[in-house]
Every structure is written in structure tokens, then in C-alpha cells.
Amino acid sequence: MRHEQTQIPFLSSEKKDVWMVEARVEFKAQNNTPITVSLSLPEDTSGYKLYFEQSVSAGYGFSMVQKDGIKRGEWSIRQAKGKQVLYYKAQIVQDFTDDLPLNKVESKLNPKDDILWSASEQIAAKEILDLAYAKSSNNITFTRELIKILKNIEKRDDSSLLLLKHNYMDVLSKLLTDAGVVHRVSLALELEDARRNKALTSVIEVLDKGEWILFDPKNALQDVNKNFLLWTRGGKSLIDVVGGTNATVNFSMVKQNMPALELAKAHFDESGFGIFSVHRLPIEEQSIFKMLLLLPIGALITVFMRLIIGVKTSGTFMPVLIAMAFLQTSLFLGLLNFVVLVAIGLLLRGYLSNLNLLLVSRIATIIVIVIFLVAFMTLIGYEMGFNTGMSVAFFPIIILAWTIERMSILWEEEGAKEVLTQGSGSLLVAILAYMAMINGYVAHLFFNFPELHLIVIALMILMGRYTGYRLLELRRFREFKNI
Amino acid sequence: MLNFIGPFTLKRRGILGMNSRNIEFISRYNDRKLFPLVDNKLQTKLLAQEYGINTPELLFVVRYQHDVYRLLEKLKNISSFAIKPACGSGGKGILVIKGRDGDGFIKSSGMVIGLQEVTKHVTNILAGLYSLSGDQDVALVETLIEADAVFDDYSYQGVPDIRIIVFQGYPVMAMLRLSTKASDGKANLHQGAVGVGLDIKTGKPINAVMNSEKILIHPDTKHSFDGIKIDNWKELLLLACSCYDMTNLGYLGADIVLDKNKGAMLLELNARPGLSIQVANSKGLLPRLRKIEKEKVASKRANVQKRVEFVLGFENF
């Protein structure tokens, strides 16, 4: 379904957790040398989705490049002086539902193990490996056991011996190499809300059945995808600075709650459906479409009210137009405006018909009069503290003029009663149509899933084939009850 | 307060509903391109003359605005006449002048109006005020119908007319429409005119309604409808049914007036006749329409005479 493809939510209020992650690169520039800073950047692959990336760094050129299959951001400048600060910002959303290759094999890269065991260490290592091997069934359980053993430093002599001289991660990696387990050391960012100045942590990834399984080396937890954002993988350097010294990278992050729609918009630019999306249009056109895509709802309601209920309206789709006018004015004020204007317009038109004018010039005169009336109402409303008529724009004026004309013709031909019947029928349908069109869910669904209009068409066709009685006919023919 | 009838009861009584009429009869049996024949009274009239069907005599046609000012000259020797829009519907925009009073014109209500009023009315017609689509229209000036005395006791001002529903050339239901004070002399049921259902085989009154309520006497003349008797009923049926051959419209309402001197005349045709005739007749249209639909096959290409005889021969119709 398109919903799944584009992640457009069904409800406009749906929200998602979004991590706003900021990497802050600091270094000291060497004078008079061109500077290139290369920072490894996260990718979509680890159960997270990048929605938005940006770099804020005054004076620097910035671009994203692929180096050895790894995404890196490169800042460059001809000359800089003193302490430099560069920022990389990304918006990241957890997304495990997607079919993204979670931890696909990029390269069977083994970390360089540049530590050498001494003779005593060799024995200790062997002991640990044997122990872990005995307690495990495959590479994954083996790694888990290994981490557990190494963590119990105080209890075991052999592990404490190894860790005496060497770094924990190096030991773990070396032991895995010794055991012949394909693995790599990666740097990941542990996501915690509202943390600043956080460094990356090393994690271990073990290859199993073509997939990299992530381990938190601190506690042997396997399912760490949820709060670990893999930043740089397979032992590649996090940062390279040419022309600078003392480079450090710090991370800050904050968890945000964003409307899912916003995210989806950012996302489906790339997906195939994006091309057909209204969201690609400029905002101004979008707002026109928002109105336009609502029109079928009003039409559907009019069809229903006329064919199934049997309400009399003046003009087939005038109620929809009136409802559209209400959308621009708001219901109560729109209704008030409408009734008052039509009433005054009818009175004035009665006078005009005494002048013996031709029809066309009469309608034209009415339009001008309506404009005056609208201006007048606006002034009164303004003085009284309502902000009314200003929104009665060009479009509703035409509708008003037209309504007045039709109503007055109706008055002359069929009398006031018919004007009242059809007028109130039109208003009733217009109000219902307005209520449907103003509904946030309806507006959201039909704007974001325009294909729903096919259902609308289907319903209209269905009703168009309805040969049963209209609801009001059950009243019209009530006399037949007594036969 | 809300008085409704169940849909199944309606169905059992064979009442034709609006949706069913539109889909199963009008759009199925009335070719849209034939509509102008009946929507334009001038075309209907010319066609009727061609087929030798009796209609009120056409005196002249006002087509252009500048002709309006020669109206007085054209009306010089005519004291009573009716002006109607060619494309009007439901009796809209019809001005009836029954005589002269010096320079003034006497309307059917007895009110005297000046020439200016008359020209204004024609101007409105030409501008399309009364036409269905609001397009420009032409005005027909016809001789006035002199209502047959049989209806004198049952009508307030206007001329009563008889609406006959003709389905595929067969008469199916008839109704006499009588104007009232409430309907302002007009013969339209939804404007408050009285509808008297007529037995399709004999032309005798069955039942009368006003504003969808059953009534027994005319509200203005206080006469009981039982006394209505229409002579030459078969002649009326023949006139109505020959309109099918003339227009080819399968579902049709023919409005017929009885003139004192010239007998039955076709006033206008309607390709979308209303449903109130069922209320006036206390009968649903559907069983009759279905019966014709079935019988039509057996009696293909029957002439008017045969078709009317056919219906008169039905039991229970």
C-alpha cells in the first residue's frame, strides 16, 4: 500500500520520535595551510532512517562523499586561524518496519590486531577461549560468553591478566580473531535524550549468516539496535583532519516528537510515489489543491442528499459552492453573511426588476451591489470587533451574486415558499458539506491519499444507479398508507 | 409530526419514485437528443402542425429585442392572446391577456396593465428569464384558449388542463389539473393547484388532492369533484398518444386543454412528467408501466387507434 511505501500517516495527528543528532568537530587550525576535515557519517542501514542532514560551519565548503563505500562528510577551507568548530546535524528516525538491509555485509573487514600476547597471556587467552567455547553453540553465543567472562575481571585471574596491559576492546577483538570469528569493531552513538558532549562508544559486530550482529561490549546485550546508532563501521577512522591538530568529536542529541506527515514528506521525495505526490508542488499550489481535493466530498454529500434523502436544492451543485465559500469565511459568520446578503440582495433586485433592465445587466449590477454590501458588512463587522468580511474574497462574491439572482428568479416564478424550501435545502446541504470538508481527518486523508477519490467516484456511481425511493418520498407519498 | 410510509409498502403499491423514474424510464426511453422537441414549445408547435395535431393557433413569434417595440402594432387587431416563452417549463412566464381596456390590457385576473408591462414581459422572455437553462429565448404569441364550460365550476381563473402520461405510445394515467386561488391561477400541483385523478379508461374522477392532501371539494368554488364529466374521452387519449409518434419519446406527459369551440388541443409536452399524478389517482404507476413494457413486444408498431383500444381493453388498469 501507498501508506506503507511513503509512510504518510493515516491520521494527521500521528507523531513519531525523532532524534536530532549533532556532531561537533573541534580542532586547532595550522596557520596558512589548506584544511580538509573528513568525518565519517551514519547511513540508513542500521534500523535508522536519516531524514535531514545539514552542516553549519561558517566559511567552510561542505559536501558528502563516498569513500571505500563509506559515507563521509568533508569540510574544506583554504585558510583558517585558531580553534575551529564544525557542526553536522541530522534528523534520525528509528524504523525497524522497513525492509532496509539492517546490517548487510559491506566488507569482510577484520580489525587489525596489533597486540601480541606474551607467553603467560597466551595461556590465559587459551583458557578463556576454551571456556567460552565450551559454553557456547555458535559464533553469536560464543561472543556473548566471551564478553561475560571478560567482564568478570575481579573473579578471574586470566582475564584480569589480559586486561592489565591491554585495552578492553583490543583484547576482545584479539580473542575473537584467535577463535576465528569474523567480526569488526565499530563506533556507535548511544542515543540518550538531551545528552551533550557525548563520545562514540565502541561496539562489536559479529558476522553470522550474512548479517552483522551488533553487541554491546559492556554487557553482552545483543539487541542493541534500539539505542545504538552506528556511526562508523569496520574500524575506519571517525575523523581525519589535514591541516589541523587536536581534533575531537562530540555529540549532542535531543529526542523530538514530530508529526509523522512532516517526516513522510521529507522521505518520499526519493520514493517512486513521490512523483505523483501533491507535496511536490509549491506551497501556494498545494493550498489550492487542498481546496480542490475537498470539492468531491461536498459533491458526494450533495449527491447523497439529493438522490437518497431527496432534499431540494437550488442548482445542482450550488450547495458545494456555498460550502466552499464557508470554508473561506468560517461557518457561523459565513452563514450570517450569506443570509443577510442574500436577503438584502433579493430586496434590491426586486427594485432593479422594476427598472426594466435586461437580464445580463441586472446580474452585473447585482454583483457590484454585492461587493458594496460585502464592504459594508466588513466595516460593520470591524467596528463590532469581528474579523469577518475580509475573508469574503473574490470567489464567494460571485457565488453570492449568483445565488441572489437565482433566488429572485425562483421568487418570481414559484413564489416565496419555493425560495424558502430550496434556499434552506441548499443551506442544509452546504452546512453538511462544509462540516465534512472542514473535518481534519477528511482533509488530511483526501489530500495525502488522492486515490481515495476513486472510492468517492464509486460511491457516486453507485448512488447514481439507485432506483429505490428517496427518504422524503416516503413522506411525499404518505397518502398511500390509507388505501 | 413526521408521517412516513414504509418503503416496502410503497413498493407494494407500485409507486414510481423519482430515482426509478429518472433511471428506468426517462433515461431508458427518452433519447436526450429528442428533448428539444418538447423543451422548446415553438418546435413542439411546428411539429404538431406538421402531424395535424390540434394546438392553440400561433399568431406570431417575437425573436429579437427590436421586435418588442413593434408589439403594439402587431397586436392591433388581437384582443385576447397568451404570451409564452418557447423554452419555459411548468407554466412559467405565461402572460394571459383576455381583453382590452382602452390602451390597457386586461389580465386573466382582471388586472389592467399597460403596454409597458407587456413589453417588459416579452423582454424578460427574450433574455431567458424563464428558460430552463437561462439561455436566450423567443416569445410565442398564441390565441387564447377559451376554457370549455365543463370546468367552470372547478377552476379559479386559469384554464384547467389534463395531463396524460403516455408510455411507449400507450396511455397509462391521467389527471385533471385545476387552478386555485392558492396556485395564483396556475395549474401546477406543487404551487397549490388541485389534481384530480381520472380513470384512464373512462375519464371519470377518482380522487382529488391539493398539496398532497386528499380533498373532496374545490377550495374556491366549493363544488364536489364527483360532478366532473369529460366528453369524448377517447379523443383525448388519441390526441395524447399520437404525440408519441410525433416525438418518439417513450415516456411522456401530454398536457391537453379543452377549448369551447375547437375541442381538445395539445398545450405542451413534458419529457420529465412529475410523480404527483400517482397521488391524485391513489395508484402507483409501476404496475401499469411494467404491463406496457411486457405487452409492447406483442403489439409492435400498432397504430394510435390500436394502442388506445388495447389499453381500454385492459382489466384492472
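Treat the numbers as computed from the prediction; the structure is a model and nothing was measured.

**Side note on the overall build of chain A**
Next, step 1: Counting secondary structure elements, chain A contains 16 helices and 13 strands.
Next, step 2: Split into buried and exposed, the 483 residues of chain A put 47% on the buried side.
Next, step 3: Taking as baseline every contact in chain A between residues at least 6 positions apart, the subset at least 24 positions apart corresponds to 75%.

**Brief notes about the interface of chain B and chain A**
Often the size quoted for an interface is simply the accessible area lost on bringing the parts together.
Next, step 1: On the side of chain A, 31 residues touch chain B, which itself brings 42 residues to the contact.
Next, step 2: Approximately 3,500 Å² of surface area, both sides summed, lies buried where chain B meets chain A, with 53% of it carried by carbon and sulfur atoms.
Next, step 3: Inspection of the region where chain B meets chain A yields one salt bridge.
Next, step 4: With a closest N to O distance of 2.8 Å, Glu213 of chain B and Arg478 of chain A form a salt bridge.
Next, step 5: At the boundary of chain B with chain A, the tally comes to ten residue pairs in polar contact (both at pLDDT 80 or more).
Next, step 6: Residue assignment for the side of chain B that touches chain A shows that the elements contributing at least two residues are α1 (7-12), α2 (18-29), α7 (115-127), β11 (213-215) and α9 (276-281) of chain B.

**Section: the environment of Arg70 of chain B**
Residue and element names in this part refer to chain B.
Next, step 1: For Arg70, the position within the fold is in the loop between α5 (65-68) and α6 (71-74).
Next, step 2: Exposure remark for Arg70: the relative accessible area of 39% places this residue in the partly exposed category.
Next, step 3: Once the C-alpha coordinates of Arg70 and Thr119 are considered, the two residues, 49 residues apart in sequence, prove to be 9.5 Å apart.

**Quick word on the environment of Met169 of chain A**
Residues and elements named next belong to chain A.
Next, step 1: Turning to its location among the elements, Met169 is positioned in helix α5 (residues 168-179).
Next, step 2: Judged by relative accessible area, which is 12%, Met169 ranks as buried.
Next, step 3: Once the C-alpha coordinates of Met169 and Pro217 are considered, the two residues, 48 residues apart in sequence, prove to be 7.8 Å apart.
Next, step 4: Leave out the neighbours within four places in its chain, and Met169 touches Val185, Ser202, Val203, Ile204 and Pro217.

**Here's the deal with the packing of aromatic side chains**
How two aromatic rings sit relative to each other is given by the distance of their centres and the angle of their planes.
Next, step 1: Enumeration according to the criterion identifies 15 aromatic pairs over all chains in this entry.
Next, step 2: Taking 6.2 Å as the distance between ring centres and 85 degrees as the angle between the ring planes, the aromatic pair formed by Phe326 of chain A and Tyr434 of chain A counts as edge-to-face. With a gap of 108 residues between them, Phe326 of chain A in helix α9 (residues 318-329) and Tyr434 of chain A in helix α13 (residues 416-438) connect regions that are remote in the sequence. No difference in accessibility class separates Phe326 of chain A from Tyr434 of chain A, as the two residues are buried.
Next, step 3: Aromatic ring contacts, followed pair by pair, group Phe25, Tyr29, Phe167 and Tyr251 of chain B into a single cluster.
Next, step 4: Stacked on the ring of Phe35 of chain B, the Lys or Arg Arg32 of chain B has its end atom at 4.9 Å from the ring centre.
Next, step 5: Over the face of the ring belonging to Phe314 of chain B we find Lys291 of chain B, whose NZ or CZ atom lies 4.4 Å from the ring centre.

**Points about the pairing of strand β7 (residues 161-167) of chain B**
Residues and elements named next belong to chain B.
Next, step 1: For β7, the buried fraction is high: seven of the seven residues fall into the buried class.
Next, step 2: In terms of strand pairing, β7 meets strand β8 (residues 170-178) through seven bridges, oriented antiparallel. For Phe167, the partnering residue across the bridge sits in β8 and is Tyr170.
Next, step 3: Hairpin connection from β7 to β8: two residues lie between these consecutive antiparallel strands, with Gln168 at a positive phi of about 55 degrees.
Next, step 4: Sheet topology note: the β7/strand β12 (residues 251-259) ladder contains six bridges and is antiparallel. Residue pairing in the sheet places Phe167 in a bridge with Tyr251 of β12.

**Some details on α5 of chain A**
Residue and element names in this part refer to chain A.
Next, step 1: Here α5 contains twelve residues, and its C-alpha end-to-end distance of 17 Å stays within 8% of the 16 Å for a straight helix at 1.5 Å per residue.
Next, step 2: Among the residues of α5, Tyr168, Met169, Val171, Leu172, Ser173, Lys174, Leu175 and Leu176 are the ones counted as buried.
Next, step 3: Just downstream of α5, Gly180 is the residue with a positive phi angle, here 80 degrees.

**Focus: the sheet that holds strand β7 (residues 183-190) of chain A**
Residue and element names in this part refer to chain A.
Next, step 1: The antiparallel open sheet is built from four strands, whose spatial order is β10-β9-β7-β11. Where the open sheet ends on each side, the last strands, each with one partner, are β10 (211-215) and β11 (228-232). Taking the axes of each pair of neighbouring strands and ignoring which way they run, one obtains an average angle of 50 degrees across the sheet.
Next, step 2: Pairing geometry for strand β9 (residues 201-208) and β10, over five bridges, is antiparallel. The residue bridging Ile204 from the neighbouring strand is Phe215, located in β10.

**Describing the environment of Val21 of chain A**
Residue and element names in this part refer to chain A.
Next, step 1: Positionally, Val21 belongs in strand β1 (residues 15-29).
Next, step 2: Its relative accessible area of 0% is what places Val21 among the buried residues.
Next, step 3: Residues within four places of Val21 in sequence aside, it is in contact with Tyr88, Lys89, Ala90, Ile92, Leu189, Leu191, Trp231, Phe251, Ser252 and Met253.

**Focus on the nonpolar core**
Next, step 1: With 78 residues, the main nonpolar core has Ile162 and Ile164 of chain B as its most contacted residues.
Next, step 2: In terms of residues, this core owes the most to one element, helix α8 (residues 233-247) of chain B, which gives nine residues.
Next, step 3: In contact with Ile162 of chain B, not counting residues within four places along its chain, are Phe151, Met175, Leu176, Leu198, Ile230, Trp233, Leu236, Ala254, Asp255, Ile256 and Leu258 of chain B.
Next, step 4: Of all hydrophobic cores here, the second largest spans 44 residues; its members include Ile397, Met407, Tyr434 and Ala436 of chain A.

**Re a nonpolar patch on the surface**
Residues and elements named next belong to chain A.
Next, step 1: Taken together, the side chains of Phe289, Leu292 and Leu295 present a nonpolar region at the surface, about 230 Å² in accessible area.
Next, step 2: Within the element layout of this structure, Phe289 appears in helix α7 (residues 283-292).
Next, step 3: Given a relative accessible area of 32%, Phe289 falls into the partly exposed group.

**Structural notes on the pattern of salt bridges**
Next, step 1: Applying the stated criterion across every chain, the model contains 22 salt bridges over all chains.
Next, step 2: Between Glu418 of chain A and Lys312 of chain A there is a salt bridge; the shortest N-O distance is 3.2 Å. One end of the pair, Glu418 of chain A, is in helix α13; the other, Lys312 of chain A, is in the loop between α8 (295-309) and α9, and 106 residues separate them in sequence.
Next, step 3: Among the residues examined, Glu418 of chain A registers a relative accessible area of 10% and is labelled buried.
Next, step 4: Between Glu293 of chain B and Arg28 of chain B there is a salt bridge whose closest N-O contact spans 3.8 Å.

**Thoughts on the confidence of the model for chain B**
Caution applies to low-pLDDT parts of the model: their predicted coordinates are not meant to be read in detail.
Residues and elements named next belong to chain B.
Next, step 1: The predicted model of chain B has a mean per-residue pLDDT of 88, with 96% of residues at 70 or higher.
Next, step 2: Averaged pLDDT values for the elements of chain B fall to 83 in helix α10 (residues 286-298) and rise to 95 in β7.
Next, step 3: Here the predicted complex carries an ipTM of 0.81, next to a pTM of 0.67.

**A closer look at the packing of α9 of chain A against helix α10 (residues 331-354) of chain A**
All names here are of chain A.
Next, step 1: In contact at an axis separation of 7 Å, α9 and α10 are set at 125 degrees when each is read in the N-to-C sense. Relative to α10, the element α9 lies oblique. Crossing of α9 over α10 shows right-handed handedness. For the pair formed by α9 and α10, the contact residues are Ile322, Phe326 and Thr329 on the first element and Leu331, Leu333, Gly334, Leu335 and Phe338 on the second.
Next, step 2: Here the contact of α9 with α10 is composed, by residue class, of six nonpolar, two polar and no charged.

Cut-offs used in this document
- Residues numbered from 1 in each chain as written.
- Chains lettered and ligands numbered in written order.
- Predicted model: local features only at pLDDT ≥ 70, side-chain atom pairs only at ≥ 80, totals over all residues.
- Heavy atoms only, no water.
- Helix = DSSP H or I, 4+ residues; strand = E, 2+ residues; numbered from the N terminus.
- Buried < 20%, exposed > 50% of the residue type's maximum accessible area, 1.4 Å probe, protein only.
- Contact = heavy atoms within 4.5 Å.
- Buried area = accessible area lost by both parts, 1.4 Å probe.
- Salt bridge = Lys/Arg side-chain N within 4 Å of Asp/Glu carboxyl O.
- Polar contact = N/O pair within 3.5 Å; in protein donor to acceptor, adjacent residues only side chain to side chain.
- Phe/Tyr/Trp six-rings, centres within 6.5 Å; stacked < 30°, edge-to-face > 60°.
- Lys NZ or Arg CZ within 6 Å of the ring centre and 35° of its normal.
- Pairing = 2+ DSSP bridges.
- Expected span 1.5 Å × (residues − 1).
- Axes fitted to C-alpha atoms, helices over the stretch in contact; angles between N-to-C directions.
- Core = buried A, V, L, I, M, F, W, Y, C linked by side-chain atoms within 4.5 Å.
- Patch = residues over 30% accessible without salt bridge, like charges linked within 9 Å, V, L, I, M, F, W, Y side chains within 5 Å.
- Areas by Shrake-Rupley, 256 points an atom, 1.4 Å probe, with all protein chains shown as cover.
- pLDDT = per-residue confidence, 0-100.
- Parallel < 35°, antiparallel > 145°, perpendicular 65-115°, else oblique.
- Left-handed = near helix turned anticlockwise from the far one by under 90°.
- Nonpolar A, V, L, I, M, F, W, Y, C, P; charged D, E, K, R; others polar.

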